[in-house]
Amino acid sequence: MEVDLSPKLAKKVYGGNGGSYHAWSPSELPMLREGNIGAAKLALEKNGFALPRYSDSAKVAYVLQGNGVAGIVLPESEEKVLAIKKGDAIALPFGVVTWWYNEEDTEFIVLFLGDTSKAHKSGEFTEFFLTGSNGIFSGFSTEFVSRAWDLDENVVKTLVGKQSGNGIVKLDGKFKMPEPKKEHRLGMALNCEEAPLDVDIKKGGRVVVLNTNNLPLVGEVGLGADLVRLDGSAMCSPGFSCDSALQVTYIVRGSGRVQVVGVDGRRVLETTLKAGNLFIVPRFFVVSKIASPEGMEWFSIITTPNSPIFTHLAGRTSVWKALSPSVLQASFNVDADTEKLFSSKRTSDAIFFPPPN
């Protein structure tokens, strides 16, 4: 499989005073196209407003930085206005209309990862804006819009043409946006930094898994996700997804080393990961990471809505512990003493290993 797996940074697509929109291109990260995955980031400055839009892809949104407000309209449903903050994950199924707003001084940044198997372009999100200079209704004739909205054509010209911004605009600081409602978060958002831990290894790492149990909407998106925090110099066990899922990983914080091994025991990637990097592990390839002394945190989506099934190749739950001693001796071509030494190591359930003493 001769595909470049090198991690990449997003590049700016558009933006202005209100903020900017960045995306990863399948021309630079070929696994996006191979895996039908899209990836992008929205960054809003103070009073930045991302105009209402819908996408050709189902997504998971994850708040990387700051606090903001999201407006979400599911098909044939009323608008939900959510206060969202760093660590929040939101499932965005097909057909959902969203807007985003930042009223604080700190830049508000949201990551989007999603499935592009039904998109116009494989490996890329295409957004359709309801308003603005590139809004849907700027393409219809005034007559059509007038009849659709039951309005005088002069009013239609004002509504369609008044907003000259494109995608993101900056609002006046005195403009009053809708107030978020606490009850609107129920079933719509989950804070991964505050949710119960699915894995917690002392001096190793912690995991929160996003699935249909704690955020049912991910079932409609068709994706699962997790937030992994690896402690300083700790290791994430070598393993692979055994339910044919792709692993799409964004480095949120810190840095570390990664190795990926594919067919015929060939190492296909060995590099240093840094905050802002996105990389994708092909199906059934084995990946392992070691954090730098500062630690490393990443957010991943898995191309299945339920808890991903991983086969680990180290630790008590690894396949090595299940195989018979004689099978291990024959497979490694070693004597019984070497096999016993091998089997005596890594006897805990950990998938994260603290640094050696």
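The written sequence of each chain sets the order in which its residues are numbered from 1. Where local features are concerned, this predicted model is filtered to residues with pLDDT of at least 70; where side-chain atom pairs are given and counted, the filter is 80 or more; whole-chain, interface and lining totals use all residues. Only hydrogens and water are removed before side-chain values are computed, so all heavy atoms of the structure are retained for them.

Chemist: What is the right way to read the UniProt feature "domain: Cupin type-1" (unreviewed entry) in the protein chain from this model?
Modeler: UniProt marks residues 3-157 and 195-340 with the feature "domain: Cupin type-1" (unreviewed entry), using the numbering shown here. Spanning residues 3-157, this segment combines 12% helix with 45% strand, and its end C-alpha atoms are found 49 Å apart. UniProt positions are given in the numbering used here, feature names are shortened, and annotations may be inferred rather than shown by experiment. The way it works is that DSSP assigns letters per residue, a run of H or I at least four long becomes a helix, a run of E at least two long becomes a strand, and they are numbered from the N terminus.

Chemist: I would appreciate a short explanation of the layout of surface pockets in the present structure.
Modeler: A water-sized probe, rolled over the atoms, reveals where empty space remains. Think of a 1 Å grid over the protein atoms and nothing else: a 1.4 Å probe that fits but is trapped marks a cavity, an open set flanked by protein within 12 Å on at least five of seven lines marks a pocket, and residues with an atom within 4 Å of a point count as lining. Grid points are joined across faces, edges and corners, and a volume is the space filled by probe spheres set on the points. The space that makes up the largest pocket amounts to roughly 460 Å³. Of all the elements in the fold, those that place two or more residues in the lining of the largest pocket are β15 (205-210), β16 (224-230), β17 (235-241), β18 (247-261), β21 (286-302) and β22 (310-312). Looking at the lining of the largest pocket, the element that brings in the most residues is β21, giving 6 residues. Note on residue classes: Ala, Val, Leu, Ile, Met, Phe, Trp, Tyr, Cys and Pro are nonpolar, Asp, Glu, Lys and Arg are charged, and everything else, Gly too, is polar. Class assignment for the residues of the lining of the largest pocket results in 14 nonpolar, 8 polar and 3 charged. A volume near 330 Å³ is recorded for the second largest pocket.

Chemist: I keep staring at the sheet that holds strand β10 (residues 108-115) and nothing clicks. Help me out?
Modeler: Backbone-to-backbone hydrogen bonds pair the strands of a sheet. The strands run either parallel or antiparallel. Strand pairing is assigned whenever DSSP detects at least two bridges linking the two strands. Taking strand neighbours across the sheet as the criterion, the 7 strands line up as β1-β2-β3-β10-β5-β8-β13 in an open arrangement whose pairing is antiparallel. Each having just a single partner strand, β1 (11-16) and β13 (189-191) make up the two edges of the open sheet. Taken pair by pair, the neighbouring strands of this sheet meet at an average axis angle of 20°, ignoring direction. Bridge count between strand β5 (residues 58-65) and strand β8 (residues 88-92): 4 bridges; the pairing is antiparallel. Its bridge partner lying in β8, Ala61 is registered against Ile90. Axis angles are defined between N-to-C directions and span 0 to 180 degrees, where every axis is a line fitted to C-alpha atoms and, for a helix, only to the segment in contact.

Chemist: Please explain the pairing of strand β2 (residues 19-23) as it appears in this structure.
Modeler: For a regular strand, the rule is simple: side chains alternate between the two faces of the sheet. Relative accessibility decides the category of a residue: with a 1.4 Å probe and only protein chains considered, values under 20% of the type maximum give buried, values over 50% give exposed, and everything between is partly exposed. Burial analysis of β2 places 4 of its 5 residues in the buried class, the great majority of the element. As judged from the 5 bridges shared by β1 and β2, these two strands associate in the antiparallel manner. Looking at β2, one finds that Lys12 is bridged to His22. The turn linking β1 back onto β2 is made up of 2 residues. With 5 bridges connecting them, β2 and strand β3 (residues 37-44) associate as antiparallel partners. If you follow Ala23 over to β3, its bridge partner there is Ala40.

Chemist: Please clarify how the environment of His184 should be interpreted in this entry.
Modeler: Summarising the element assignment, His184 is placed in the loop between β12 (168-170) and β13. With a relative accessible area of 13%, His184 lands in the buried category. For the pair His184 and Gly71, spaced 113 residues apart in sequence, the C-alpha separation works out to 10.0 Å. Residues are treated as being in contact if the distance between any of their heavy atoms lies within 4.5 Å. In contact with His184, other than residues within four places in its own chain, are Glu79, Lys80, Val81 and Leu82.

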